[in-house]
Amino acid sequence: MTSQPDLPLDPVAVSVHLGEVPEAPRHWESDVILRDGSTAHIRPITADDAELLVDFYARVSDESKYYRFFSPMPRLSERDVARFTQVDHVQRVALVLILQGRMIAVGRFDVVRDGEAEVAFLVEDAHQGRGIAQLLLEHLAQAAREREIDKFVAEVLPDNTRMIQIFREAGYRVASGYEDGVLALEFPIDPTDTAIGIMQGREHRAESASIHRFFNPTSVAIIGASRRQDTIGQALVRNLVNGDFTGRVYVVNPSAAAVSGMPAYKTVSEIPGDVDVAIVAVPAEAVQDVVLECAAKGVHGLVVISSGFAETGEEGRHRQRRLVGLSRSYGLRLIGPNALGIINTDPSISINASLSGLMPPRGRAGFFCQSGALGSAILEKVNNRGLGLSTFVSAGNRADVSGNDLLQYWEEDEATEVVMMYLESIGNPRKFSRIARRVSLRKPIIAVRSGRTTQGVPMGHAVRKIQAPPQAVDAMFRQAGVIQVDTLEDMFDVAQLVAHQPLPRGRRVAIVGNSDALGLLAADAAAAVGLVVNKAVALDAEPTPEDFEDALDDAIDDPEIDAVVAVYIPPLNVSGEDIANVLAAVGEQSDKPLVSTFLGAEGVPELLRVPDVAGSTAGRGSVPSYPAVESAVRALARVVDYAVWLRTPGGAPVEPSEAAADEAGPDRAKHLVNRLLLEHPDGVELEQGELSELLACYGIELWSTHPVSTLREAQAAGKRLGWDVVLKATAEHLRERPDLAHVWRNVDTTAEMRDAWNTLRDVVGSPEQAGFVVQKNARPGVPIAIRSMEDPLFGPVVSFGISGPIIELLADRSYRIPPLGERDAASMVREVKSSPMLFGYRGSEVVDVSEVERLIRQVARLQNDLPHVSSLDLSLVLAGAHGSAVLGAGARLDPVSDARSDWFVRRMPSAPGDTIPD
C-alpha cells in the first residue's frame, strides 16, 4: 500500500466548528484530460452554480436521472438546487466538471458517520463513456482523505451496470450486498498500489490519446497563412505542402482569396470540412479569438507558432496563462506558444507542420525539444547524420504539452524505438521520473538537460525552482534509466548506436583496426569510462577485406567480448568500399554491438547502412561511425550503463513493516507531526525529545545529549551517565570544524571534565554561545551523514555521504528519490568516492554496512511518509563494525497546503499564478 501523506488539522474543519462557511481548498480545482485526449476543468461546486446545474440537469436523460435518484425526477426544485449547490466542503463536498462554460457532470459525497461518506455521480449522457466518472471518483476520494474519511458507500440500482463497473474497476476492495432491490457497495478509499496503478494507466492512455491527435490528423488548418514570401504564414503553408501531407490542408486569411493556389477562408468556421489540428501564426493579441473559433469548429489541438507570450515579460506571461486556461476550458490541448512545430515522417501521414523546411528522413527516434531555434539546428544535424526521426516536437514555451506527454505517446508508438529529449526545464520532475522509468524498460531515453549546473530556466517557462541540488536531479535520471549526456553531439552519438545496434551484455570490448595510434587512443578512452579491453587486434596498414572480416568475426564470437570497436583509416587512393561492405555485413549479423571510426565519417555513412524494410534511412544492423574514436567509446560506455540498468532489478519499495520498528510506527509519527504543526502552524525546529520520538517511530535510536551551561552542570551530567563521556560544542558555526577542536573525548572524572571545560572554553569561546553538551562516548567508527528534504517539485529526496570537511567541499554525496527499491540503499553507499572508508580502507575495520543501508531506508521511508518534514539531518552517525550510533540529528516541520495530493489524482500541471478565464 502507498502511504497517504500526513494531514495536519485542517483549518477548514476549524471554520466549520466555529459556524463559518469555509472555502474549498484551491488545489481541489484543476484541469484534467479525459479518456479521448480532450480537456475539461474540475472544481468544487458553489452557490453561484445554480443556473449551470439547472441547465445541466435539463440535458440529462430520464434514464440517467432515474439511475441517480431511483425515481422519476424530471426537474430540480429550488430547494433541490439550493441543497446541491450549497455545501460546506467538509461534511458535504461536491465537484463539477466544466467544459466550454457548461456543467457536464457532478459528483459528491455526504458524510453519513465518522470516517464514512456516501458518494454519487451524474454525467450528462452526451459525455458518458469519456472516463468522467472515474476522474470524479479519484478527486472525491482524495478530497475525502483530506477530510479524514476512509470509506465510501454507494447505493446503485442492479441494472446500472456502468456505475457498478466504475466502482469495481477503480482498484478499491469493493464489498456489496442487496437490500430492498438496491445494490449497496462499500469500499475503503486508501490509495492502494492497485488503485494508483489503475489511475496511472488511465492517465497514460488519456495523455497518449491527446498527442496521437496531433501526429495523426486527417485535416490541418493554417491560421495566419500568408501569400508574402519570407513570412511565417507562407513558410508553414510551403512546408506542409512540400512535405506531402496526406490529409486536407485549409488556409485561413481574412484578406486573401487564395494562398499558394488554395482557397483561403476568412475564419475557421467558414471551412467546409472538419479540422483536426490548427497551426496558429497570428499576432499574440489575436490568438485567444482563434482559440474560441477553433473550439466552436471542433478542432482537437492547437500548435501555436506565434511569439509574444511568457518569453517577453510579465504582460506576456499573463497572456500565456489566459491562453492555456482558455484552451483547456474548451477541451483543446496546445503545443507552444513560440513553438517551431511538429513533424511526423510516417509515409501514411507525412506532416511537416513546422517552420523548418527540412523534412527529416524516416527513422526510429522521436525527438522533443523546447527551443524553436535549437529545433532547426537539431533537424539539420539529424539529416547530416543519416539518423532519421519518427516524430518531432518543438514545444516552445511548453505552456501545455510537455515532454511527459510525449513520453506517454512514445511508450506505445511502434514506430519509435529511441527517445531523444532536449530539456530546458522540467515542470513535474517526479512524474517525469515515474513515466521515464516505465518507458526506459522498453526503449532507451537519451536526454540533454540545459541549466544542469545553474538550474536556470528560460524566461518563457513558468516552473517553480528546484530546491534540491543538481546531483539529486542527476540521481533521478539514473534511477529512471535515462541516458543523460552533456551535449547534443553526445546525444546523437548515443542515439545512432542504440537505434541501429543491439545492446551490449557487459563492459568487455575488443578493438580491431589498422591504426596502432588510434587503437591506443581507443584503449585509453575505454579505461577512462569504465570499459575493459579484453582484446586488441592490430591489422596491417592495408588490410584485405578478408583479414578485417576474420578479425571481426573472431572478436564477436569470443565469449569474453561484449562489444567491438572497429577502426579503419584507408591508405592513399583507396576508397574503403570493400571494408565498408565487410563492416555492414558483420554489423547486420552480429548479436553484439559494433561501432566504428570509418574514414573519419560522422553518423551512419551510406556505405555502412543496411536497408530497412520499414522505410527508415538505415535499418537495424547499420554500423554507426564516429569521427573520433573517443566519441565512439564514450557512446558505447553510456549504452553499457543503460544495459546494466535494464538487467539490474530495481526491487520493490521497502515495506512499512521493514522500515519501522513496529507497524504502528508511521501512524504514530503522523499524529506527532499533526500535533506539533497544530501547536506551531508556521513551522518548527524539533527539540531533541520530539526528534527522538519521531525517529523512534522508524526504528532509529537517537543518542541523548545533555545541554550544559556551567562546569558544575557538565560534571553532574557526566556522573549521571556513568562517565566515559564527550564534551562538545554544538553551535552551528563550531560543530563542523575540520580540526575537531570543539570536541573533547574520554572524559571520566571530575578533574578531566574541568580540564575539558577550560580547554574548550579557551578554544571556542563562551559556553552560552558554544552550545556545550555532554554525551555518552560511542565506539570508534566512520562518521557518516544521512539527510532528507521535501522539494516542492520532487517531493522527497534522500542523500548519503561520509562526514568531514573534505568530503563536504568535494560534494561527495549520493542521492535518491524515495520510495527506494531494495538495492537503492546499497548503491548509494557504494557510489560515493569515499566509500572505501567503509570497507576496511588501509587496514581499518569493515563497518556494518547492512546497518548503514537500513538507516538510509528508514530515513527515506520517513521522508516519503511525511511531506511536512521539510528537512531531516542525521548529521553525525558513527558507523562501526558492530552497528551504528546516531549521535547528532536535526529536523524541521513546515506546513504544506497541498501535501502531494497530485500523487493520487490525475491533474494537469499549472504554472504559478495560473487563473481560469471566465
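The structure displayed is predicted, hence computed values, not measured ones.

Engineer: I keep staring at the overall build of the protein chain and nothing clicks. Help me out?
Structural biologist: A tally of helices and strands in the protein chain yields 28 helices and 36 strands. Scaling as 2.2 N^0.38, a compact globule of 918 residues should have a C-alpha radius of gyration of about 29 Å, and the protein chain matches this with 32 Å. Its C-alpha atoms put the protein chain at 100 × 95 × 55 Å along the principal axes. Burial statistics for the protein chain: of 918 residues in total, 56% are counted as buried. Long-range contacts, defined here as pairs at least 24 residues apart, represent 72% of the contacts in the protein chain between residues at least 6 apart. Surface summary for the protein chain: the accessible area is close to 37,700 Å², and the carbon and sulfur share equals 50%. Of the side chains in the protein chain, 90 bear a positive and 125 a negative charge, and the two mean positions are spaced by 3 Å.

Engineer: Which parts of the structure should I look at to understand the pairing of strand β26 (residues 594-598)?
Structural biologist: Consecutive residues of a regular strand have side chains that alternate between opposite faces of the sheet. Burial of β26 is extensive: five of the five residues sit out of reach of the surface. Judged by which residues are buried, β26 turns out to be covered on both faces: Leu 594, Ser 596 and Phe 598 on one side and Val 595 and Thr 597 on the other are all buried. Strand direction decides the pairing type here: strand β25 (residues 563-568) and β26, joined by five bridges, are parallel. Bridge pairing links Ala 566 to Ser 596 in β26.

Engineer: It is not clear to me how a nonpolar patch on the surface should be interpreted in this structure. Could you clarify?
Structural biologist: A cluster of nonpolar side chains, namely Ile 806, Leu 809 and Leu 810, defines an oily patch on the protein surface of about 380 Å² accessible area. For Ile 806, a relative accessible area of 55% translates into the label exposed.

Engineer: Honestly, the pattern of salt bridges in this entry has me stumped. Any pointers?
Structural biologist: Throughout the structure, instances matching the rule amount to 46 salt bridges. Residue Lys 151 pairs with Glu 186 through a salt bridge whose shortest N-O separation is 3.6 Å. With a gap of 35 residues between them, Lys 151 in strand β6 (residues 151-156) and Glu 186 in strand β8 (residues 182-188) connect regions that are remote in the sequence. According to the relative accessible area criterion, Lys 151 is partly exposed, its value standing at 25%. Of the charged contacts in the structure, one is a salt bridge between Asp 824 and Arg 816, with a shortest N-O distance of 3.8 Å. When salt bridges with common partners are traced through the structure, they connect Asp 31, Arg 328, Arg 333, Asp 400 and Asp 405 into a single cluster.

Engineer: Teacher, can you tell me more about the packing of helix α21 (residues 665-679) against helix α22 (residues 688-696) here?
Structural biologist: The description of two helices packed together rests on the angle between their axes and the distance between the axes. Two elements in contact, α21 and α22, have axes separated by 9 Å at closest approach and are oriented at 150 degrees. One way to sum up the angle between α21 and α22 is to call them roughly antiparallel. Crossing geometry of α21 relative to α22 is assigned as left-handed. In contact with Ala 669, Leu 672, Val 673, Arg 675 and Leu 676 of α21, α22 contributes Glu 690, Glu 693 and Leu 694. Along the lines of polarity and charge, the residues of the contact of α21 with α22 split into five nonpolar, no polar and three charged.

Engineer: It is not clear to me how the sheet that holds strand β2 (residues 39-44) should be interpreted in this structure. Could you clarify?
Structural biologist: Within a sheet, neighbouring strands are paired by backbone hydrogen bonds and run either parallel or antiparallel to one another. Strand order in the open sheet formed by eight strands is β1-β2-β3-β4-β5-β6-β8-β7, with mixed pairing between adjacent strands. Whereas interior strands pair on both sides, the edge strands pair on one side only; in this sheet they are β1 (30-33) and β7 (175-179). Here the average twist between neighbouring strands, direction ignored, is 25 degrees. Judged from the eight bridges that link them, strand β4 (residues 102-113) and strand β5 (residues 116-123) form a sheet pairing that is antiparallel. The residue of β5 that forms the bridge with Gly 107 is Phe 121. Sheet strands touched by helix α5 (residues 132-146): β1, β2, β3 (92-99), β4, β5, β6 and β8. Its angle to β4, the strand with the most contacts, is close to 40 degrees.

Engineer: Honestly, the packing of aromatic side chains in this entry has me stumped. Any pointers?
Structural biologist: Aromatic rings in a pair are described by how distant their centres are and how their planes are angled relative to each other. A complete count under the given rule lists 17 aromatic pairs for this structure. Judged by centre distance (5.8 Å) and plane angle (20 degrees), the ring pair of Tyr 568 and Phe 598 falls under stacked. Here the residue Tyr 568 occupies a position in strand β25, and Phe 598 occupies one in strand β26, the gap between them amounting to 30 residues. In this structure Tyr 568 comes out as buried when scored by relative accessible area, which is 3%. Members of the aromatic cluster, each reached through a chain of ring pairs, are Phe 109, Phe 121, Phe 152, Phe 167, Tyr 172 and Phe 187.

Engineer: In this structure, what is going on with the nonpolar core? I would like to understand it.
Structural biologist: Proteins that are soluble and globular tend to have nonpolar side chains buried together. Ranked by size, the top nonpolar core spans 59 residues in total, and within it Ile 279, Leu 407, Phe 432 and Phe 477 carry the most contacts. Top element by residues in this core is helix α14 (residues 470-479). It accounts for five residues. Here Ile 279 is in contact with Val 220, Ala 221, Ile 222, Ile 223, Leu 236, Val 303, Ile 305 and Ala 353, once residues within four sequence places are set aside.

Engineer: Before we go on, may I ask you to explain a negative patch on the surface in this structure?
Structural biologist: The grouping of Asp 540, Glu 542, Glu 546, Asp 547, Glu 549, Asp 550, Asp 553, Asp 557, Glu 577 and Asp 578 at the surface amounts to a negative patch. Looking at the negative patch, the elements that each hand over two or more residues are α17 (545-557) and α18 (577-589). For the negative patch, the element with the most residues is α17, which contributes six residues. One can find Asp 553 in helix α17.

Engineer: Sorry if this is basic, but what is going on with the packing of helix α7 (residues 193-215) against helix α12 (residues 403-412) here?
Structural biologist: Two numbers describe how α7 lies on α12: the axes approach to 8 Å, and their chain directions differ by 90 degrees. With respect to α12, the axis of α7 lies roughly perpendicular. On α12, the residues that touch Glu 203, His 204, Glu 207, Ser 208, Ile 211, His 212 and Phe 215 of α7 are Asp 405, Leu 406, Gln 408, Tyr 409, Glu 411 and Glu 412. The class makeup of the residues in the contact of α7 with α12 is four nonpolar, four polar and five charged.

Cut-off values and rules
- Residues numbered from 1 in each chain as written.
- Predicted model: local features only at pLDDT ≥ 70, side-chain atom pairs only at ≥ 80, totals over all residues.
- Heavy atoms only, no water.
- Helix = DSSP H or I, 4+ residues; strand = E, 2+ residues; numbered from the N terminus.
- Rg over C-alpha atoms; globule rule 2.2 N^0.38 Å.
- Buried < 20%, exposed > 50% of the residue type's maximum accessible area, 1.4 Å probe, protein only.
- Contact = heavy atoms within 4.5 Å.
- Areas by Shrake-Rupley, 256 points an atom, 1.4 Å probe, with all protein chains shown as cover.
- Lys, Arg positive; Asp, Glu negative; His and termini not counted.
- Charge placed at Lys NZ, Arg CZ, Asp CG, Glu CD.
- Pairing = 2+ DSSP bridges.
- Patch = residues over 30% accessible without salt bridge, like charges linked within 9 Å, V, L, I, M, F, W, Y side chains within 5 Å.
- Salt bridge = Lys/Arg side-chain N within 4 Å of Asp/Glu carboxyl O.
- Axes fitted to C-alpha atoms, helices over the stretch in contact; angles between N-to-C directions.
- Parallel < 35°, antiparallel > 145°, perpendicular 65-115°, else oblique.
- Left-handed = near helix turned anticlockwise from the far one by under 90°.
- Nonpolar A, V, L, I, M, F, W, Y, C, P; charged D, E, K, R; others polar.
- Phe/Tyr/Trp six-rings, centres within 6.5 Å; stacked < 30°, edge-to-face > 60°.
- Core = buried A, V, L, I, M, F, W, Y, C linked by side-chain atoms within 4.5 Å.

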